[in-house]
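Working through the structure, step by step
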Amino acid sequence: MPDVNVVGSGPNGLAAAVVFARAGLSVVVTEMASAPGGGLRSGELTLPGYRHDICSAVHPAALASPFFRAFELTNRVPFVIPKISYAHTLGGTRAAIAYRDLDRTSESLGGDGPAWARLFRPLVNRLDGIVSFTGNQLLRWPDDPVAAVRYGLDVLGLGTLLGPVRLGADAAALFAGVAAHASGRQPSLATAGAGLLLAAHAHARGWGYPLGGSQAIADALVADLTAHGGTLRLGTEVHSMQDLEPTRVTVLDTSPTFLASFAGRALPDGYRRALERYRYGCGVAKVDFALSGPVPWANPEIALAPTVHLGGSRAEVATAEAAVAEGRVAEHPFVLVTQPSVLDDTRAPVGHQVLWAYTHVPRGSDSDMTEVIVRRIEEFAPGFRDTILASAPLTAKGLAEHNPNFVGGDILGGRVTVRQLITRPVVSRRPWKTPVPGLYLCSASTPPGPAVHGMNGWHAATLALRDEFGIAEPPSLAPGT
């Protein structure tokens with residue numbers, strides 16, 4: 001009989017499994033899909049020889065994550081760190097560019113540059129303290145109070161109507177694009193917090209791309225798990241405890257909705273009601289493209305940016321995101337584009353490229369947004385349509401069917417609001433532990449929330465080691481140990 005069951009092989013489930021296996025426990029990871037990784041999976045979605053990331057593609061949080069730094073991820077998986085972290089289209093051929101070099105970014109923003117530098121230099125200098133604060137449960141004293149206070153004050157400053165205006169028009173647009181990764185009304189405290197953290201990563205360790213696709217991260221975790229005696233079982237659906245072998249601990253890398261169904265009447269009524277109050281965010285409609293060559297961007301610098309935000313002014317981004325929050329498809333949507341072939345020539349045949357793009361849509365939408373996205377890219381890259389060899393659309397509804405953790409197409413594991421960063425999924429100093437003995441939740445619906453950092457799995461596993469097995473000292477994660 002194994003010691004631990006882990007349901008779901010996303011980054012947090014695999015992170016938890018690695019911790020348990022390295023602590024000397026027998027672990028079985030059960031995954032319904034035919035390949036591990038959850039949102040980390042990569043595959044040939046369009047044509048043979050074109051390798052696409054099914055969900056996540058760029059990984060700033062992985063490079064800064066305490067879990068992955070202890071795991072020495074960059075010694076196991078080759079990463080490329082671009083000189084341009086992201087670009088933001090401003091209209092016509094104009095664009096604002098976030099270089100990894102903060103000084104170069106400030107210089108490129110002209111009159112807006114000094115304000116950008118003043119905002120981000122203190123955050124970059126104290127990034128580890130901010131990551132420690134945001135990477136834990138918020139109901140705790142921060143390890144670096146100065147970093148936490150500085151970050152909090154900046155969130156308050158940018159989360160109001162007047163805050164972004166102080167940056168200047170181009171810098172405010174650049175920030176709106178990165179804040180839109182959190183999908184929600186702008187300005188708000190939650191989107192400001194997400195934008196500040198992502199932009200600080202962009203100027204610190206950078207926005208890293210794993211060579212060969214995000215699947216490489218999942219494969220590294222699986223290799224470590226199996227090297228330490230763990231087992232991965234693919235293509236197996238789980239609905240309840242009865243579908244698993246009895247173990248002392250079960251960890252779910254799943255949604256709160258699945259947790260409620262899985263545990264059934266074993267959950268106390270109050271906890272069940274809290275799970276029912278949990279709210280999911282907007283959906284994502286995504287399209288993968290196989291291209292005959294580079295995207296013909298009107299601004300040649302955008303051709304060098306692996307991540308591009310098609311948004312226009314701060315007001316345009318806010319209008320688009322507000323429409324989605326109201327349950328409508330935006331007339332001029334914010335579109336997030338990644339073009340990994342700019343960095344990684346293993347993704348497509350010689351001279352060809354892959355491109356990944358998504359836009360926010362109402363949760364559960366079954367709208368195919370391919371034509372909308374193509375038209376939006378064409379605004380800034382005339383002739384893009386002529387480079388398309390094949391495309392593979394995925395609606396928000398289809399995304400949820402593809403990965404049940406993405407409820408209604410919400411790839412963030414729940415609405416990102418200040419309230420739900422504290423009640424994720426319930427108010428607790430140990431939110432990963434459920435009231436059912438030995439049952440834990442470790443998905444993006446727990447602190448510290450979404451992104452590929454493995455910290456949700458790390459917190460759940462180290463808590464279970466201490467409470468269920470009496471192991472107070474977490475195991476080393478370094479290669480060769």
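Keep in mind that this is a model prediction, so the values were computed, not measured.

1. Focus: a positive patch on the surface
Together, Arg273, Arg277, Arg279, Arg363, Arg415 and Arg419 make up a region of like positive charge exposed at the surface. By secondary structure assignment, the location of Arg277 is in helix H13 (residues 269–277). For Arg277, a relative accessible area of 46% puts it in the partly exposed group.

2. Looking at the sheet that holds strand E1 (residues 4–7)
Taking strand neighbours across the sheet as the criterion, the five strands line up as E9-E2-E1-E10-E16 in an open arrangement whose pairing is parallel. Because the sheet does not close on itself, it has two edges, and the strands there are strand E9 (231–233) and strand E16 (439–441). Strand-to-strand twist of the sheet, defined as the mean angle between neighbouring strand axes without regard to direction, takes the value 20°. Where strand E10 (residues 249–252) and E16 come together, three bridges link them in parallel fashion. Considered in E16, the bridge of Val251 is made with Tyr440. Taken strand by strand, helix H1 (residues 11–22) contacts E1, strand E2 (27–30) and E10, and its axis lies near 165° from that of E2.

3. Here's the deal with the packing of helix H6 (residues 113–125) against helix H10 (residues 189–203)
Where H6 meets H10, the closest approach of the two axes is 9 Å, and the angle between their N-to-C directions is 80°. In this view, H6 runs roughly perpendicular relative to H10, as classed from their interaxial angle. Where H6 approaches H10, its residues Trp116, Leu119, Phe120, Leu123 and Val124 are matched on the opposing element by Leu196, Ala199, Ala200 and His203.

4. Here's the deal with a nonpolar patch on the surface
Among the surface-exposed residues, Val149, Leu153, Leu156, Leu189, Val418, Ile422 and Val427 lie close enough to one another that they form a single nonpolar patch of about 590 Å² accessible area. Considering every element that reaches the nonpolar patch, the biggest residue donor is helix H8 (residues 145–158), with three residues. Note that Leu156 resides in helix H8.

Rules used in this analysis
- Residues numbered from 1 in each chain as written.
- Predicted model: local features only at pLDDT ≥ 70, side-chain atom pairs only at ≥ 80, totals over all residues.
- Heavy atoms only, no water.
- Patch = residues over 30% accessible without salt bridge, like charges linked within 9 Å, V, L, I, M, F, W, Y side chains within 5 Å.
- Areas by Shrake-Rupley, 256 points an atom, 1.4 Å probe, with all protein chains shown as cover.
- Salt bridge = Lys/Arg side-chain N within 4 Å of Asp/Glu carboxyl O.
- Lys, Arg positive; Asp, Glu negative; His and termini not counted.
- Charge placed at Lys NZ, Arg CZ, Asp CG, Glu CD.
- Helix = DSSP H or I, 4+ residues; strand = E, 2+ residues; numbered from the N terminus.
- Buried < 20%, exposed > 50% of the residue type's maximum accessible area, 1.4 Å probe, protein only.
- Pairing = 2+ DSSP bridges.
- Axes fitted to C-alpha atoms, helices over the stretch in contact; angles between N-to-C directions.
- Contact = heavy atoms within 4.5 Å.
- Parallel < 35°, antiparallel > 145°, perpendicular 65-115°, else oblique.

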